[in-house]
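# Remarks on the overall topology
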Amino acid sequence: MSNKEQFFYDNGIVRKFALATIIFGIVGLLVGLIAAFQLFIPALNLDIPWLTFGRIRPLHTNAAIFAFVGNAIFTGVYYSLQRLMKARLFSDLLSNIHFWGWQLIILAAAITLPLGITTSHEYAELEWPIDLAIAVVWVVFGINMLGTIIKRREQHMYVAVWFYIATWVTVTVLHVGNSIELPYGAFKSYPVFAGVQAALIQWWYGHNAVAFFLTTPYLGLMYYFMPKAANRPVYSYKLSIIHFWALIFLYIWAGPHHLLYSTLPDWAQSLGTIFSVMLIAPSWGGMINGLLTLRGAWDRVRTDPILKFMVVAVTAYGMSTFEGPMLSIKSINAISHFTDWTVGHVHIGTLGWNGFLTFGMLYWLIPRLYNTKLHSMSLANTHFWLGTLGILFYAIPLYWAGWTQSLMWKQFNPDGTLVYGDFLETVTQILPMYILRAVGGTLYFVGFLIMVYNLFKTMATGKVTSNEAAEAAPRPAVHKKHPGEHWHRPFERRGVQFTILSLVAILIGGIVEIVPMVMVESNVPKIESVKPYTPLELAGRDLYIREGCLSCHSQLIRPFRSETERYGDYSKSGEFIYDRPFLWSSKRTGPDLARAGAGRLKKSDAWHFSHMENPRNTSANSIMPNYPWLIENELDVSTIPVRIRTLQKLGTPYPEGYDQIAVDDLNKQAKMIADNLRENDIDFEGLEKREIIAMIAYLQRLGTDIDPEIVDSK
Amino acid sequence: MFKYILERAGDIEWMAIVPLVLFVVFFIVIVWKAMSHKKEFVDRMANMPLQDDNTLEVEQ
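How each quantity is defined
- Residues numbered from 1 in each chain as written.
- Chains lettered and ligands numbered in written order.
- Predicted model: local features only at pLDDT ≥ 70, side-chain atom pairs only at ≥ 80, totals over all residues.
- Heavy atoms only, no water.
- Helix = DSSP H or I, 4+ residues; strand = E, 2+ residues; numbered from the N terminus.
- Buried < 20%, exposed > 50% of the residue type's maximum accessible area, 1.4 Å probe, protein only.
- Areas by Shrake-Rupley, 256 points an atom, 1.4 Å probe, with all protein chains shown as cover.
- Polar contact = N/O pair within 3.5 Å; in protein donor to acceptor, adjacent residues only side chain to side chain.
- Contact = heavy atoms within 4.5 Å.
- Domains from an automatic or database assignment.
- Buried area = accessible area lost by both parts, 1.4 Å probe.
- Salt bridge = Lys/Arg side-chain N within 4 Å of Asp/Glu carboxyl O.
- Nonpolar A, V, L, I, M, F, W, Y, C, P; charged D, E, K, R; others polar.
- 1 Å grid on protein atoms, 1.4 Å probe; cavity = no way out; pocket = protein on both sides within 12 Å on 5 of 7 lines; lining within 4 Å.
- Points joined across faces, edges and corners; volume = space filled by probe spheres on them.
- Phe/Tyr/Trp six-rings, centres within 6.5 Å; stacked < 30°, edge-to-face > 60°.
- Lys NZ or Arg CZ within 6 Å of the ring centre and 35° of its normal.
- Core = buried A, V, L, I, M, F, W, Y, C linked by side-chain atoms within 4.5 Å.
- Pairing = 2+ DSSP bridges.
- pLDDT = per-residue confidence, 0-100.
- Axes fitted to C-alpha atoms, helices over the stretch in contact; angles between N-to-C directions.
- Parallel < 35°, antiparallel > 145°, perpendicular 65-115°, else oblique.

Glancing now at the overall build of chain B. Across its full length, chain B holds 3 helices and 1 strand. Along chain B, helices (α) and strands (β) appear in the sequence α-α-α-β when read from the amino end. For chain B, the proportion of its 60 residues judged to be buried stands at 23%. Roughly 4500 Å² of accessible area belongs to chain B as shown, and the carbon and sulfur atoms make up 64% of that amount.

The structure is reproduced here in structure tokens:
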């Protein structure tokens, strides 16, 4: 006994993160629910910009991923890391900076996203000052975690800790890599990479945000909390080692499966598919390892809600990691991409895997933190069944909607014309599925609220020991000391070596895919007739980004006859070289807009005006929200010169000194559109200065660069 | 230089084959490493989450 050291576990910081998890879970789910209802009741935006689908959809995803899941990760990591390392966290100060910094970032996101301040990169929408703050707080987390590992009393690092380290390393690389942007104002920037290159980097990031924020840390939590809850060691520790290395090595390559049939070169698409399919093996290795941990404890699954949540979580992980590789096969992706199938797939992962594992963890952790028993087992069981039904009611209708819509898009008449030439027909057909999805979401949300009640009642009956006394023997210094070596060097060695090894494993895939794509010019063939956007079109494009139009509209025509027939010629890389950011999108709730201004899709300026004012003016039964503020707001032209200069720095070939005359050009083009509207009886004072004029200019520009008819008429 | 090597790669399938070979080699090494652990070590590691209750009955 005498050689044991006494210390205190920091339960206070664990409690703080757990509370934040619960609170932001409510926010993330509620915003998602509002968005789900808006999809069949578009008037629910109340004609208020910051309540509109395009702006709250990123708020929902950010709140769910970074606020709810993020705080849950930190809760679980800080609880388990201290115990596995037999040490208090490295620094109380860093713990608190981490906690409050992360919550401030969430607050900044909750303010800026509804205001339309967004980079439009999915799951990386936050603008540059917040990006910097994320980097700082993430580094603080890393120092605190690695510091704890370095000062640990336990000789060996349990596999959960490996997953935590890989998470930290990879998210650092991803966040930096996907946030390379040039600011042009306090809250605005243009990304350095454009078009197809930006798309590859974005989905290298986007896919790996799923991999290394929603998956690897949760696998770490699974390997810690599931044995705890089942009171059984993990089924196979050897399998967990193989699982870990194979998973992190393979995951990083799979990003291009988000860009199948896009203009990305075939070699990169193929790499994405190959590695996605290979991912089944380690993913299922992990799932099997999790489920078999319950060997001999299955009788308890019938009665213990914690184990129930964990079993469904791991099963959902298995389902979505089987489905993901299938969706990465090109012929299946041809059907699933841009439809609600993907949304259903994602929510099996988030609601099932992340949600249920978090709930299991919280039901296990909160009574222990508060030195008490769970307030009500029956309420926890009720939550389990509501949540499970909620997932089913959420996902199954969306699968159905995805299949239905995709098949309708591809249906041809014997004479070779599209059966459903009017896109809207394919939307109204699936509205009942959207309603069922909202029912599923509501069930899940009600279940969550029951958990909140149950956990707060539990907290009320107990008391947290913020500093829990513990003791453990100091870590033996087994490493042979070199002359002159600092005394703590041996303790550091493995943790640091491990971090470097993980970094190498995850860098290989990124480098092989991204470096040639960025460096080799033949990967992005240029097109002579593609010119930079005019200042008015650029302003309209930035409005399109502000309103989050890409939440529902793609700008990428795949080389299928069903798409070229509907939207015009398929997209080419050279068309996007001035697109900063790229706006391909990943969902078509409305039609593709890549050639909205050209050929058979072209509408009049008056049509666009009327449509944006109220989409049902031109398209009965449309589910697109009204955008009356575009007609009321004056266009801000004060930043046009700096926007032009910023784009020049990034390589857009505007003439030297163009920033000085850009606003004049903008006014001239705006007057032409306003005159055109006036001819169609749309007239009021200051019409040419309104935002709608820029939006019309941008929409009318889309696809005109290479459409032969348009080129000829010029 | 690197750029020109890549330019000349053309349709050569090494882009897909090299990573595949790399992974197979990597996989063999990790399986070999994992399997070479002694049983006592593996058992100790697997039980780590169940034996981390080092708390004392005293409060601060």
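Another point: the side chain of A:Q82. Residues and elements named next belong to chain A. Along the chain, the position of Q82 falls in helix α2 (residues 53-85). Owing to a relative accessible area of 0%, Q82 belongs among the buried residues under this scheme. From its side chain, Q82 meets the backbone nitrogen of D10 in a polar contact 2.7 Å long. Here Y78 takes part through its backbone oxygen, which lies 3.0 Å from a polar atom of the side chain of Q82. Q82 has contacts with Y9, D10, V14, A87, R88 and L89, leaving out every residue within four places of it along the chain.

Residues and elements named next belong to chain A. Per the domain assignment, the segments making up chain A are domain 1 (10-474 + 491-503) and domain 2 (535-713). Look at where the C-alpha atoms of domain 1 and domain 2 centre, and you get two points 34 Å apart. Between domain 1 and domain 2, the residue contacts involve 63 residues of the former and 55 residues of the latter. Interface area, domain 1 with domain 2, both sides summed: about 4800 Å², of which 66% is carbon and sulfur. The tally of links between domain 1 and domain 2 comes to 2 salt bridges. For the pair domain 1 and domain 2, the interface holds 17 residue pairs in polar contact (both at pLDDT 80 or more). Counting residues per element, the side of domain 1 that touches domain 2 draws most heavily on helix α6 (residues 195-230), which supplies 6 residues. Considered class by class, the residues forming the side of domain 1 that touches domain 2 number 35 nonpolar, 21 polar and 7 charged.

Moving on, we come to the interface of chain B and chain A. Tallying the contact residues gives 34 residues for chain B and 46 residues for chain A. Of the roughly 3600 Å² buried where chain B meets chain A, counting both sides, 75% is carbon and sulfur surface. The interface formed by chain B and chain A includes 1 salt bridge. A salt bridge links A:E154 to B:R44; the shortest N-O distance between them is 2.6 Å. Inspection of the region where chain B meets chain A yields 2 residue pairs in polar contact (both at pLDDT 80 or more). Broken down by secondary-structure element, the contributors of at least two residues to the side of chain B that touches chain A are α1 (2-7), α2 (14-35), α3 (39-46) and β1 (55-59) of chain B. With 12 residues, the top contributor of residues to the side of chain B that touches chain A is α2(B). By residue class, the composition of the side of chain B that touches chain A is 23 nonpolar, 6 polar and 5 charged.

In this approach a probe as big as a water molecule rolls over the atoms, and the regions it shows empty are the leftover space. Residues and elements named next belong to chain A. Considering only enclosed or pocket space, the largest pocket measures out at about 950 Å³ in volume. The wall of the largest pocket is formed by 42 residues, among which H553, G590, P591, L593 and H611 lie closest to the centre. Only α2, α15 (423-428), α19 (561-567), α20 (605-613) and α24 (691-701) provide two or more residues apiece to the lining of the largest pocket. Per-element accounting of the lining of the largest pocket gives the leading share, 4 residues, to α20. Looking at which domains feed residues into the lining of the largest pocket, each of domain 1 (10-474 + 491-503) and domain 2 (535-713) gives three or more.

The next subject is the packing of aromatic side chains. Evaluated as defined, the whole model comprises 64 aromatic pairs over all chains. When the ring of A:F37 is compared with that of A:F40, the centres are 5.4 Å apart and the planes differ by 50 degrees; the resulting orientation is tilted. A network of ring pairs unites the aromatic residues A:W162, A:F163, A:Y223, A:F244, A:W245, A:F249, A:W253, A:F275, A:F498, B:F23, B:F26 and B:F27 as a single cluster. In this arrangement the basic side chain of A:R83 is found over the ring face of A:Y79, its NZ or CZ atom lying 3.8 Å from the centre. If you follow A:R437 out to its NZ or CZ, it ends over the ring of A:Y434, 5.3 Å from the centre.

Further remarks concern the nonpolar core. Generally speaking, nonpolar side chains in soluble globular proteins are found buried as a group. Residues and elements named next belong to chain A. With 192 residues, the main nonpolar core has W102, Y158 and Y237 as its most contacted residues. When residues of this core are assigned to domains, at least three map to each of domain 1 (10-474 + 491-503) and domain 2 (535-713). Within the second largest apolar cluster, 46 residues are counted, among which are Y533, F609, Y658 and L666.

Once that is clear, we can look at the environment of A:T350. Residue position: A:T350 is located in helix α13 (residues 340-369). Setting aside chain neighbours within four positions, we find A:T350 in contact with A:L214 and A:G355.

Residues and elements named next belong to chain A. Of note, the amide linkage connecting R580 to P581 takes the cis form, showing an omega dihedral of -5 degrees. Mapped onto the secondary structure, P581 falls in the loop between α19 and α20. At Y261, a position not held by glycine, the phi torsion is positive, near 65 degrees. Mapped onto the elements, Y261 comes out in the loop between α7 (237-251) and α8 (266-278).

Residues and elements named next belong to chain A. For strand β4 (residues 467-472), a buried count of 5 out of 6 residues is recorded, marking the element as mostly surrounded by other parts of the structure. Note: strand β1 (residues 5-10) against β4, 6 bridges, orientation antiparallel. Bridging from a neighbouring strand, D10 pairs with N467 of β4.

Moving on, we get to the confidence of the model for chain A. All names here are of chain A. Put simply, chain A has an average pLDDT of 93, and 96% of its residues get 70 or more. Note on residues 488-492: pLDDT under 50 across the span, and 8 contacts to partners over four residues away in sequence or across chains. Ignoring residues within four places in sequence, the model shows residues 710-714, a span with pLDDT below 50, making 6 contacts including any to other chains.

Take empty space enclosed by the protein next. Going through the model one piece at a time under the given rule, you end up with 9 cavities of 30 Å³ or more. In this structure, the second largest cavity occupies an estimated 180 Å³ of space. A class-by-class count of the residues in the lining of the second largest cavity yields 6 nonpolar, 4 polar and 6 charged.

So, about the packing of α20(A) against helix α23 (residues 658-679) of chain A. Residues and elements named next belong to chain A. At a minimum axis separation of 9 Å, α20 and α23 run at an interaxial angle of 85 degrees. Between α20 and α23, the angle is such that the two are roughly perpendicular. Residue-level inspection shows D605, A606 and F609 of α20 in contact with α23, the latter providing I673, N676 and L677. Each residue belonging to the contact of α20 with α23 can be placed in one class, and the counts come to 4 nonpolar, 1 polar and 1 charged.

Okay, the pattern of salt bridges next. Residues and elements named next belong to chain A. The final tally for this structure, using the stated rule, is 31 salt bridges over all chains. Taking the shortest distance from any N to any O, the salt bridge between E5 and R153 comes out at 2.6 Å. Taken together, the residues E5 in strand β1 and R153 in the loop between α4 (128-150) and α5 (159-178) connect sequence positions 148 residues apart. A residue is classified by how much of its surface remains accessible, and E5, at 33% relative accessible area, is partly exposed. A relative accessible area of 17% places R153 in the buried class. Between D304 and R300 there is a salt bridge; the shortest N-O distance is 3.6 Å. Of the residues examined, R300 reaches a relative accessible area of 29% and is grouped as partly exposed.

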